Amino acid sequence: DAGVIQSPRHEVTEMGQEVTLRCKPISGHNSLFWYRQTMMRGLELLIYFNNNVPIDDSGMPEDRFSAKMPNASFSTLKIQPSEPRDSAVYFCASSLGASDEQYFGPGTRLTVT
Amino acid sequence: AQSVTQLDSQVPVFEEAPVELRCNYSSSVSVYLFWYVQYPNQGLQLLLKYLSGSTLVKGINGFEAEFNKSQTSFHLRKPSVHISDTAEYFCAVRGPNTGGFKTIFGAGTRLFVKA
C-alpha cells in the first residue's frame, strides 16, 4: 500500500485566496483525521471522520475551515478565505479501527502571505 | 475526557547513553496508549502501542515503554541512543469519546542526541 497520500506537499498562496488540501487514506481504513501542526500550538486535531461521517469537528478553528469526505477514499480540507495565521503543516491520518494506530501522511506545508 | 502530559519539552543526551521520555495521562476509563516519532519534515510514525496485556511494550528501533496504571504513566525508554534517534516524540492516548474514539496527543518531546 502507498500509505496515506496528501496533495499538494507545499502550497503558497496569498491572503484571501481559497485553499484546498486533499487526502487519500489507506484503503480499508474507516477513520480519517485532519491535524494542524505549528511551533506555537503543536499538533492540533481539527476534525475526524468515521465511516465518512464527521464525528468531532470541535477543533476546526472557525467557519473559514471546512472538511468533507464524500467517499471512503477521499477527503478535503478547505480554507476560505485564507489568512497568514493559517500557515502551518496540515497532516491527514487514517486508522483501521478504534484501537489501531494512526497512519500519517507526509503533510502539506501551507504558507499564506 | 482524556489528557496527556509530556513532562519534558527537550531532552539532550549523548550518543550511547540511556534515555527516558516521560508521559503521564489522565482518564477515567480504559485507554489505548501510543508513542509516535516525527523526523524532520515528515509525518508521525508509530513507535509502539499498549492495548492490553503485558505492561512492558517493545517497539521499533530498540525503544520500549512501560504502562503503569497506578501512576498513570507510559514512559518511553531506550538503553543506548544513536544520533539517528534525534527527532520529536509524541505520547498519545486514545479512548472513548462522544460519538467515537479520539486520540489526544501530548505536546511532544524533542530528543537531541549529541556525539
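Heads up: the structure comes first, above all this text.
This section reports on the structure supplied with the text. (Residues numbered from 1 in each chain as written. Chains lettered and ligands numbered in written order. Predicted model: local features only at pLDDT ≥ 70, side-chain atom pairs only at ≥ 80, totals over all residues. Heavy atoms only, no water.)

### Digging into the pairing of strand S9 (residues 73-78) of chain B
Residues and elements named next belong to chain B.
Argument step 1. Of all the six residues making up S9, five are buried; the element is thus mostly covered by neighbouring parts of the structure.
Argument step 2. Of the pairings in the sheet, the one linking strand S8 (residues 64-68) to S9 comprises five bridges and is antiparallel in character. The residue bridging Ala 65 from the neighbouring strand is Leu 76, located in S9.
Argument step 3. Counted between consecutive antiparallel strands, the loop separating S8 from S9 contains four residues, among which Thr 72 sits at a positive phi close to 45 degrees. (Buried < 20%, exposed > 50% of the residue type's maximum accessible area, 1.4 Å probe, protein only. Helix = DSSP H or I, 4+ residues; strand = E, 2+ residues; numbered from the N terminus. Pairing = 2+ DSSP bridges.)

### Quick notes on the pairing of strand S11 (residues 108-112) of chain A
Residues and elements named next belong to chain A.
Argument step 1. The alternating pattern of S11 places Thr 108, Leu 110 and Val 112 on a buried face, while none of Arg 109 and Thr 111, on the opposite face, is buried.
Argument step 2. Relative to S11, strand S2 (residues 10-13) is paired through four bridges, and the arrangement is parallel. Note that in S11 the partner of His 10 across the bridge is Arg 109.
Argument step 3. Alignment of strand S9 (residues 88-95) against S11, held across three bridges, turns out to be antiparallel. By the bridge assignment for S11, Ala 88 is matched with Leu 110.

### Comments concerning the state of the cysteines
Residue and element names in this part refer to chain A.
Argument step 1. The final tally for this structure, using the stated rule, is two disulfides over all chains.
Argument step 2. Linked covalently through their sulfurs, Cys 23 and Cys 92 form a disulfide whose S-S length is 1.9 Å. Disulfide Cys 23-Cys 92: torsion about the S-S bond near -65 degrees, hence left-handed. Of this pair, Cys 23 sits in strand S3 (residues 19-24) while Cys 92 sits in strand S9, and the two are 69 residues apart along the sequence. For the pair Cys 23 and Cys 92, one class covers both residues: buried. (Disulfide = S-S within 2.5 Å.)

### Re the pattern of salt bridges
Two side chains carrying opposite charge are able to pair once their charged atoms lie near each other.
All names here are of chain A.
Argument step 1. Applying the stated criterion across every chain yields a total of 16 salt bridges over all chains.
Argument step 2. Residues Glu 44 and Arg 36 are paired through a salt bridge, measuring 3.1 Å at the closest nitrogen-oxygen approach. The pair formed by Glu 44 and Arg 36 is uniform in burial state, with each residue classed as buried.
Argument step 3. A salt bridge links Arg 64 to Asp 86; the nearest nitrogen and oxygen atoms lie 2.7 Å apart. Of this pair, Arg 64 sits in the loop between strand S6 (53-56) and strand S7 (65-71) while Asp 86 sits in the loop between strand S8 (74-79) and S9, and the two are 22 residues apart along the sequence.
Argument step 4. A residue is classified by how much of its surface remains accessible, and Arg 64, at 10% relative accessible area, is buried. (Salt bridge = Lys/Arg side-chain N within 4 Å of Asp/Glu carboxyl O.)

### Examining the packing of aromatic side chains
Argument step 1. Per the counting criterion, the structure on display carries twelve aromatic pairs over all chains.
Argument step 2. On the basis of an interplanar angle of 90 degrees and a centroid distance of 5.4 Å, the ring pair of Tyr35(A) and Phe105(B) is categorised as edge-to-face. Here the residue Tyr35(A) occupies a position in strand S4 (residues 31-38), and Phe105(B) occupies one in strand S11 (residues 100-105), the pair thus bridging two chains.
Argument step 3. The rings of Phe33(A), Tyr35(A), Tyr48(A), Phe91(A), Phe104(A), Phe34(B), Tyr36(B) and Phe105(B) are connected pair by pair, giving a single aromatic cluster.
Argument step 4. Sitting over the face of the ring of Phe14(B), Lys114(B) holds its NZ or CZ atom 4.5 Å from the ring centroid. (Phe/Tyr/Trp six-rings, centres within 6.5 Å; stacked < 30°, edge-to-face > 60°. Lys NZ or Arg CZ within 6 Å of the ring centre and 35° of its normal.)

### Focus on the side chain of Lys78(B)
Residues and elements named next belong to chain B.
Argument step 1. Looking at where Lys 78 falls in the secondary structure, it is placed in strand S9.
Argument step 2. The class for Lys 78 is buried, based on a relative accessible area of 7%.
Argument step 3. Excluding anything up to four places from it in sequence, Lys 78 contacts Ala 17, Pro 18, Val 19, Asn 61, Gly 62, Phe 63 and Asp 85. (Contact = heavy atoms within 4.5 Å.)

### Concerning the interface of chain B and chain A
Many structure descriptions define interface size as the accessible area lost when the parts assemble.
Argument step 1. Listed as interface residues are 20 residues of chain B and, on the opposing side, 23 residues of chain A.
Argument step 2. Buried area between chain B and chain A, both sides added, is near 1,700 Å², and the carbon and sulfur share of it is 50%.
Argument step 3. Considering only the surface of chain B that becomes buried against chain A, Leu44(B), Arg94(B) and Lys102(B) emerge as the three largest contributors, covering 29% of it.
Argument step 4. Taking the shortest distance from any N to any O, the salt bridge between Glu101(A) and Lys49(B) comes out at 2.8 Å.
Argument step 5. At the junction of chain B and chain A, the tally comes to seven residue pairs in polar contact (both at pLDDT 80 or more).
Argument step 6. Put simply, the parts of the chain that give the side of chain B that touches chain A at least two residues each are strand S5 (32-38), strand S6 (44-50), strand S10 (87-97) and S11 of chain B.
Argument step 7. Sort the elements by how many residues they give to the side of chain B that touches chain A and S11(B) lands first, with five residues.
Argument step 8. Partitioning the side of chain B that touches chain A into residue classes produces nine nonpolar, eight polar and three charged. (Buried area = accessible area lost by both parts, 1.4 Å probe. Polar contact = N/O pair within 3.5 Å; in protein donor to acceptor, adjacent residues only side chain to side chain. Nonpolar A, V, L, I, M, F, W, Y, C, P; charged D, E, K, R; others polar.)

Function cannot be inferred from these measures alone, as they are strictly geometric.
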